[in-house]
Amino acid sequence: MKDNIRLEEHRIEQEPFYLPIGEEIKLAEAAYETGLPLLLKGPTGCGKTRFMQYLAWKLNRPLITVSCHDDLSTSDLVGRYLIRAGEAVWTDGPLTLAVRAGAICYLDEIVEARKDTTVVIHPLADDRRELPIEKRGELLVAPPEFMLAVSYNPGYQSVIKDLKPSTRQRFVALSFDYPNPEAEAEIVIKESGVSEDLATSLVKLGRMTRGLKDSGLPEGASTRLLIQAGKLIEQDI
Ligand code: ADP
């Protein structure tokens, strides 16, 4: 019952606005049908998370998102025993919850997570589709409805933090990038409410800030940032 409540929060009832950039929807659906995990590559703020929300809605599965950070451990994903009223009670982590429920689990910025997490990600990401819960001596087999998706920003990471080839090869990779100018302007209009003229100017400015790594600007303005600028302009700022 409690898990049902936790899961309902992750259902996406309304179709999220997502403007397809290429064949990513078709590819992701094919991966889902074949039980293969997804790897979303691309710079920050270019639409990866929005795409996952759209996919989850389209496939009618709950979406459980985990933002990975350098302290995220296997227990944070799988679960742990908590002491409640003097008793040790097992609590599923987000990955276990997603596997049990046949949901989509999206691990955002996977390379940030602690290295020990590969112990659970690898068997889930290959044809075993298994989640070992060591502390309980349990082995969960993922139902066909379950999907694992991870994202990663190749430009961001240092060599030390790059994705291991043994991990990367398990996934169907989708490359994301900032949309073309017309599509990006359409997104900025829709998401921020600015006029077409203003959106076109914002997009032009945004594009000028990209690709300036050699001039000392490591990261240009993302689509997200242009939308935020648009929203502020709408507030007369
Ligand atoms: P990230 O790649 O960091 O996960 P997000 O998915 O959060 O980026 O994208 C940032 C914002 O940009 C979204 O909230 C959405 O408003 C907008 N966006 C980017 N690409 C698209 C797209 N193709 N269709 C609709 N909205 C998009």
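The text that follows walks through the structure, step by step, so that each part is easy to find.

About the criteria used
- Residues numbered from 1 in each chain as written.
- Predicted model: local features only at pLDDT ≥ 70, side-chain atom pairs only at ≥ 80, totals over all residues.
- Heavy atoms only, no water.
- Near = heavy atom within 4 Å.
- Polar contact = N/O pair within 3.5 Å; in protein donor to acceptor, adjacent residues only side chain to side chain.
- Areas by Shrake-Rupley, 256 points an atom, 1.4 Å probe, with all protein chains shown as cover.
- Helix = DSSP H or I, 4+ residues; strand = E, 2+ residues; numbered from the N terminus.
- Expected span 1.5 Å × (residues − 1).
- Buried < 20%, exposed > 50% of the residue type's maximum accessible area, 1.4 Å probe, protein only.
- Contact = heavy atoms within 4.5 Å.
- Pairing = 2+ DSSP bridges.
- Salt bridge = Lys/Arg side-chain N within 4 Å of Asp/Glu carboxyl O.
- Disulfide = S-S within 2.5 Å.
- Axes fitted to C-alpha atoms, helices over the stretch in contact; angles between N-to-C directions.
- Parallel < 35°, antiparallel > 145°, perpendicular 65-115°, else oblique.
- Left-handed = near helix turned anticlockwise from the far one by under 90°.
- Nonpolar A, V, L, I, M, F, W, Y, C, P; charged D, E, K, R; others polar.

A word on the site of the ligand. Leu19, Gly45, Thr49, Arg50 and Glu191 are the nearest of the 17 residues found near the ligand. At 3.2 Å from an oxygen atom of the ligand is found a main-chain nitrogen or oxygen belonging to cysteine 46. The separation between an oxygen atom of the ligand and a polar side-chain atom of lysine 48 is 2.9 Å. Alone, the ligand offers 560 Å² of accessible surface; in the complex the protein occludes 91% of this.

Given 3.6 residues per turn, any residue in an α-helix points the same way as the ones three and four places further on. The terminal C-alpha atoms of helix H3 (residues 48-59), which comprises 12 residues, lie 16 Å apart, in line with the 16 Å expected from a rise of 1.5 Å per residue. Taken together, the buried positions of H3 are occupied by Lys48, Phe51, Met52, Tyr54, Leu55, Ala56 and Leu59. Turning to H3, the residues buried within the fold contact helix H2 (24-34), strand S1 (38-41), strand S2 (63-67), strand S5 (104-108), strand S8 (147-152) and strand S9 (172-175). Among the residues trailing H3, asparagine 60 stands out with phi positive, at a value near 60 degrees.

The subject of this paragraph is the pairing of strand S3 (residues 79-84). As defined by bridge partners, S3 adjoins strand S4 (residues 87-92) across 6 bridges and the pair is classed as antiparallel. Paired with isoleucine 83 across the two strands is alanine 88, which belongs to S4. The loop that links S3 with its antiparallel partner S4 comprises 2 residues; one of these, alanine 85, has a positive phi angle of about 50 degrees.

Here aspartate 108 is to be found in strand S5. In this structure the side chain of aspartate 108 is engaged in a polar contact, spanning 3.5 Å, whose partner is the side chain of tyrosine 106. Polar contacts involving the side chain of aspartate 108 include one to the side chain of serine 151, which spans 2.6 Å. Once residues within four sequence positions are removed from consideration, aspartate 108 is found in contact with Thr49, Val66, Ser67, Cys68 and Ser151.

This next bit is on the pattern of salt bridges. The tally for this structure, following the rule as stated, stands at 13 salt bridges. A salt bridge links aspartate 92 to arginine 100, with the nearest nitrogen and oxygen atoms 2.6 Å apart. The class for aspartate 92 is buried, based on a relative accessible area of 9%. Take arginine 100: its relative accessible area is 37%, and that puts it in the partly exposed class. Connected via shared salt-bridge partners are Asp92, Arg100, Arg136 and Glu138.

As a further point, take the state of the cysteines. Going through the model one piece at a time under the given rule, you end up with 0 disulfides. Free cysteine cysteine 46: the closest other cysteine sulfur is in cysteine 68, separated by 17 Å. You can call cysteine 46 buried: its relative accessible area is 8%. Here cysteine 105 stays free of any disulfide, with the sulfur of cysteine 68 as its closest cysteine sulfur at 8.6 Å.

To continue, consider the environment of phenylalanine 146. Within the secondary structure, phenylalanine 146 is located in the loop between strand S7 (138-141) and S8. When the C-alpha atoms of phenylalanine 146 and leucine 36 are compared, they prove to be 9.8 Å apart, with 110 residues separating the residues in sequence. With residues near it in sequence (within four places) discarded, phenylalanine 146 still touches Leu95, Ala98, Val99, Gly102, Ala103, Cys105, Leu124 and Arg129.

Taken N-terminus to C-terminus, the directions of H2 and H3 make an angle of 55 degrees; their axes are 11 Å apart at the nearest point. Taken together, the axes of H2 and H3 lie oblique to each other. With respect to the hand of their crossing, H2 and H3 are arranged in right-handed fashion. Residue-level inspection shows Glu24, Ile25, Ala28, Glu29 and Tyr32 of H2 in contact with H3, the latter providing Phe51, Tyr54, Leu55, Lys58 and Leu59. Of the residues that constitute the contact of H2 with H3, the class distribution is 7 nonpolar, no polar and 3 charged.

Fair warning: the whole summary comes from geometry, so function is off the table for now.
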